[in-house]
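# Chains, contacts and geometry: an overview
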Amino acid sequence: AAGPKGANVQEFDASLFAVRLDSGQLQVECLRESRLARSLHGLTRTLIFNAVKGVKEGFEKSLEVEGVGYRAALQGRNLVLQLGYSHPVTYRPPDGISLEVQQRNVVVVRGIDKQLVGRVAAEIRGFKRVEPYRGKGIRYVGERVRRKVGKAGA
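Quantities reported herein were computed from a predicted structural model and do not represent experimental measurements.

### Focus on helix H1 (residues 35-56)
- Compared with an ideal rise of 1.5 Å per residue, which puts 22 residues at 32 Å, H1 spans 33 Å between its outermost C-alpha atoms and is within 8% of the ideal.
- The sharpest bend along H1 measures roughly 35° and falls at His 41.
- By the burial criterion, the buried members of H1 are Ala 37, Thr 44, Ile 48, Asn 50, Ala 51, Gly 54 and Val 55.
- Looking one or two residues past H1, Gly 58 carries a phi angle of roughly 85°, positive in sign.

What follows is the structure in structure tokens.
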């Protein structure tokens with residue numbers, strides 16, 4: 001698929017499915033009646049849909065960096081995170097991914113490949129997962145974190 005955001009290729013098993021363009025719509029047709037073909041039919045259709053949507057609109061995920069002294073910044077293409085460690089964490093995004101930092105604590109991951117956008121967001125989130133007692137760390141925007149009470153005397 002090619003569109004205003006770029007080009008994306010989605011492979012599928014041509015022995016199981018036929019994809020045809022029918023009056024502006026892509027139709028994924030099952031060629032065999034097997035359990036494997038039935039189970040992969042919806043997956044193939046969704047993967048092709050995501051490839052088309054990616055080149056047309058693109059995908060994005062937003063991450064919040066929360067904590068005293070925690071912040072994010074861009075140095076060229078690299079994302080530099082201050083996460084309370086003794087050193088800054090530097091992340092170089094793969095090709096096809098663009099990063100944007102808003103208000104020093106919101107990182108936006110954008111790209112045309114939905115799987116790659118999700119993987120990059122998960123990698124960044126993995127640098128400092130949200131801890132349940134104070135809620136410090138990196139989370140998706142809108143993610144609910146279950147908070148714990150902690151010790152009574154502390």
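Now that the structure is up, let's keep going.
### Details of the packing of aromatic side chains
- What the rule picks out here adds up to one aromatic pair.
- Centre to centre, the rings of Tyr 91 and Phe 127 are 5.8 Å apart; their planes meet at 65°, and the pair counts as edge-to-face. Within this pair, whereas Tyr 91 is found in strand E8 (residues 89-91), its partner Phe 127 is found in the loop between helix H2 (114-125) and strand E11 (137-140), the two being separated by 36 residues in sequence.
- When its relative accessible area of 8% is taken as the criterion, Tyr 91 is described as buried.
- Of note, Arg 45 hangs over the ring of Phe 49, and the distance from its end group to the ring centre comes to 5.2 Å.
- Here the basic side chain of Lys 61 rests over the ring of Tyr 140, its NZ or CZ set 5.2 Å away from the ring centre.

Parameters and conventions
- Residues numbered from 1 in each chain as written.
- Predicted model: local features only at pLDDT ≥ 70, side-chain atom pairs only at ≥ 80, totals over all residues.
- Heavy atoms only, no water.
- Helix = DSSP H or I, 4+ residues; strand = E, 2+ residues; numbered from the N terminus.
- Expected span 1.5 Å × (residues − 1).
- Bend = angle between axes of the 7 residues up to and from the residue.
- Buried < 20%, exposed > 50% of the residue type's maximum accessible area, 1.4 Å probe, protein only.
- Phe/Tyr/Trp six-rings, centres within 6.5 Å; stacked < 30°, edge-to-face > 60°.
- Lys NZ or Arg CZ within 6 Å of the ring centre and 35° of its normal.

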